[in-house]
Amino acid sequence: MAPRVVIIGAGIAGLTTALELHRAGYEDITVLEQHGPGYGSSGKSAGVVETQYLDRAGIHVRDFGLRFFEDFAREHGGTLVRSGYLRLGASTDDLEMFQHSVEIQQEFGITDPVVLTADEIAARWPRLILEDRPGGVFGPSDGHIDSYEFCLRAAAVLVTRGVVVHNGVKVLAAEQTPTGGWCITTTNRQISADVVVNAAGPWAQQIGRLFGAEMPLNNQLRPKVKLTHEEELDPLLPFVMDYVPGSGRDGVYFRSETANEIFIGIHTDESLLEEQDPERPLEEAPQEFIDRALQLLPTRLHCPRGLRLGRTWTGLYPISPDNKPIVDIHPDAPNVIHVMGAGGSGIQLAPAMARMAAELATTGATQSFPETNWSLSRLHGNDHLQSTSR
Ligand SMILES: Cc1cc2nc3c(=O)[nH]c(=O)nc-3n(C[C@H](O)[C@H](O)[C@H](O)COP(=O)(O)OP(=O)(O)OC[C@H]3O[C@@H](n4cnc5c(N)ncnc54)[C@H](O)[C@@H]3O)c2cc1C
């Protein structure tokens, strides 16, 4: 009999894993979602998909993600806006790292990114302020998806392929069966599974515990703000990221949505703030965040006239201890694959995480990204966690 897979969570991690498992030949797949597709972090994201990372492994998985979303948009429709991604450097060392990144990207067939000096950036986008920035790296083909829309479309595509997507069904408990599978209790009924995927985003630690797996996770609050302005911007701003990965500090980011709208947020890959309970109500952006964002923006942008605060919201980055995803089976919970912890890169990394999860389900090991280690054992020095993904 075909193995039955139950995926917990219809965010981007759960839905891309379902697509990858279906692609790998699994026929009996059920997705359980406590609310609806995209209810969690995936519906609150900036949706940026880009390849301006600094190491080969990070670039490979992001290139895979960008191509995945390109294929999905071509086959099933949906938003993929390629408005470009500009990562600013803080020093000439950063520009050297960026040049190295450009060379690695070329090896993957991504030929258009360039390192630009501050003058070259100012010539393209005269509104940017770069006095204390030597330059940056610009990927013209990078952009963003609408990750909430993606979740809705992906769920619809899965249903047409025979995958069962149950919305409004919360997983409450789990018990291992004598054959090594699981009996899952939900608010609706009990369901059995040969393989379980924990793709519960900020709730992944709670879900892990239901199966006896203690998963490391730190949820960090990240607000976003929309600004409107009367003066029309021409040219529009690409996505500008004033943060260098691994720098140990956060940075402001912003992009034009239309000629009269800017999105702004503050990003770091690291867990610098207080840990958040996933059940906390997610409200509008806190005033101190809005103040800080509005203080940082004019240091990087000659702001357009008639700037006004628009809609604001908050979401959670589900972050692992080293800011990289976890795709692995915990030794205390056999046949449960955890696909989680990608923090502020969970949209762009979801396709690679999903591919690795499907490989793990099929062969017990991951193959596609040999330079990527998203195992649990990397986090625990092999003391008590012998993981299977590498
Ligand atoms: C403001 C903001 C901006 C961001 N910008 C970017 C960006 O530009 N690029 C990028 O790559 N990433 C970005 N991210 C990060 C990205 O959004 C997340 O990493 C990603 O969405 C996590 O996806 P997920 O599927 O793992 O989790 P989620 O989307 O949270 O999905 C988990 C799902 O599990 C369900 N669930 C939980 N518990 C249960 C249960 N007991 N029973 C049934 N279902 C359950 C939840 O309802 C939820 O729908 C951003 C995040 C935020 C907050």
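Up top is the structure.
Residues numbered from 1 in each chain as written. Predicted model: local features only at pLDDT ≥ 70, side-chain atom pairs only at ≥ 80, totals over all residues. Heavy atoms only, no water.

So, on to the overall build of the protein. On a plain count of helices and strands, the protein comes out with nine helices and 20 strands. Dimensions of the protein, computed from the C-alpha atoms along their principal axes, are close to 65 × 40 × 40 Å. For the protein, with 390 residues in total, the buried portion stands at 56%. Of the contacts formed within the protein by residues at least 6 apart in sequence, a portion of 72% connects residues at least 24 apart. About 15,900 Å² of surface is accessible on the protein, with carbon and sulfur atoms providing 50% of the total. Here the protein contributes 32 positive and 50 negative side-chain charges, whose respective centroids are spaced 3 Å apart. (Helix = DSSP H or I, 4+ residues; strand = E, 2+ residues; numbered from the N terminus. Buried < 20%, exposed > 50% of the residue type's maximum accessible area, 1.4 Å probe, protein only. Contact = heavy atoms within 4.5 Å. Areas by Shrake-Rupley, 256 points an atom, 1.4 Å probe, with all protein chains shown as cover. Lys, Arg positive; Asp, Glu negative; His and termini not counted. Charge placed at Lys NZ, Arg CZ, Asp CG, Glu CD.)

In this section: the sheet that holds strand 16 (residues 251–258). Ordered by their spatial adjacency, eight strands build an open sheet running 6-7-5-15-16-17-14-18, and the pairing between neighbours is mixed. Since the sheet does not close on itself, it has two edges, and those belong to strand 6 (114–117) and strand 18 (308–319), each with one partner. For this sheet, the mean inter-axis angle between neighbouring strands, taken without regard to orientation, is 20 degrees. Contacts between helix 7 (residues 287–300) and the sheet are confined to strand 5 (85–89), strand 14 (218–228), strand 16, strand 17 (261–267) and strand 18, with strand 17 contributing the most and set at about 110 degrees to the helix. (Pairing = 2+ DSSP bridges. Axes fitted to C-alpha atoms, helices over the stretch in contact; angles between N-to-C directions.)

Taking 1.5 Å per residue, 14 residues should reach 20 Å; helix 5 (residues 147–160) reaches 20 Å between its end C-alpha atoms and fits that length. Of the residues making up helix 5, those classed as buried are S147, F150, C151, A154, A155, V157 and L158. Relative to the axis of helix 5, the buried residues are bounded by an arc of 165 degrees and lie together on one face. The inward-facing, buried residues of helix 5 contact helix 1 (12–23), helix 2 (56–76), strand 8 (143–145), strand 9 (164–167) and helix 8 (346–363). Measuring from the side-chain oxygen of the N-cap residue of helix 5 to the backbone nitrogen of Y148 gives 3.2 Å; that N-cap residue is D146. Positioned one or two residues after helix 5, G162 has a phi angle of 90 degrees, which is positive. (Expected span 1.5 Å × (residues − 1). Arc of directions from axis to C-beta. Polar contact = N/O pair within 3.5 Å; in protein donor to acceptor, adjacent residues only side chain to side chain.)

Moving on to the pattern of salt bridges. The final tally for this structure, using the stated rule, is 20 salt bridges. Between E231 and R127 there is a salt bridge whose closest N-O contact spans 2.5 Å. In this pair, E231 sits in the loop between strand 14 and strand 15 (239–241) while R127 sits in the loop between helix 4 (118–124) and strand 7 (135–139), placing the two residues 104 residues apart along the sequence. A salt bridge links E231 to R305; the shortest N-O distance between them is 3.5 Å. Note that E231 is positioned in the loop between strand 14 and strand 15 and R305 in the loop between helix 7 and strand 18, a separation of 74 residues in sequence. Among the residues examined, E231 registers a relative accessible area of 19% and is labelled buried. The class for R305 is exposed, based on a relative accessible area of 59%. (Salt bridge = Lys/Arg side-chain N within 4 Å of Asp/Glu carboxyl O.)

Next up on the list: the side chain of H229. Summarising the element assignment, H229 is placed in the loop between strand 14 and strand 15. Relative accessible area serves as the criterion here: at 3%, H229 is assigned to the buried category. A polar contact is formed between the side chain of H229 and the backbone nitrogen of E261, at a distance of 3.4 Å. Setting aside its immediate chain neighbours within four residues, H229 contacts A259, N260, E261, I262, P304, R305, G306 and L307.

Right, let's get into the site of the ligand. The environment of the ligand is made up of 38 residues, and the closest members are E33, S41, S42, V48 and G343. The contact in question runs from a nitrogen atom of the ligand to an N or O atom on the backbone of G344, over 3.0 Å. When the free accessible area of the ligand is taken as 1,000 Å², the share hidden by the protein chains comes to 97%. Looking at the shell around the ligand, the elements that each hand over two or more residues are helix 1, strand 2 (28–33), strand 14, strand 18 and helix 8. Sort the elements by how many residues they give to the shell around the ligand and strand 18 lands first, with four residues. Taken together, the residues that form the shell around the ligand break down as 18 nonpolar, 15 polar and five charged. Of the domains in this structure, domain 1 (4–42 + 147–217 + 322–380) and domain 2 (81–141 + 218–316) are the two that each give at least three residues to the shell around the ligand. (Near = heavy atom within 4 Å. Nonpolar A, V, L, I, M, F, W, Y, C, P; charged D, E, K, R; others polar. Domains from an automatic or database assignment.)

Moving on to the sheet that holds strand 11 (residues 182–186). Read from one edge of the open sheet, three strands run 10-11-12, paired in antiparallel fashion. Two strands bound the open sheet, and with one partner strand each, they are strand 10 (171–176) and strand 12 (190–193). This sheet shows a mean twist of 25 degrees between the axes of neighbouring strands, independent of strand direction. Inspection of the sheet shows strand 11 paired to strand 12 by four bridges, in the antiparallel sense. Counterpart to I184 in the pairing with strand 12 is I191.

This part takes up the nonpolar core. Counting residues in hydrophobic clusters, the biggest one holds 49 residues, and the most contacted among them are I7 and F150. Counting residues per element, this core draws most heavily on helix 8, at nine residues. In contact with F150, not counting residues within four places along its chain, are I12, T16, L19, F68, F69, F72 and I145. Counting 25 residues, the second largest nonpolar core, distinct from the first, contains I121, W125, L130 and I290. (Core = buried A, V, L, I, M, F, W, Y, C linked by side-chain atoms within 4.5 Å.)

Without other data, these values stay purely geometric and don't point to any function.
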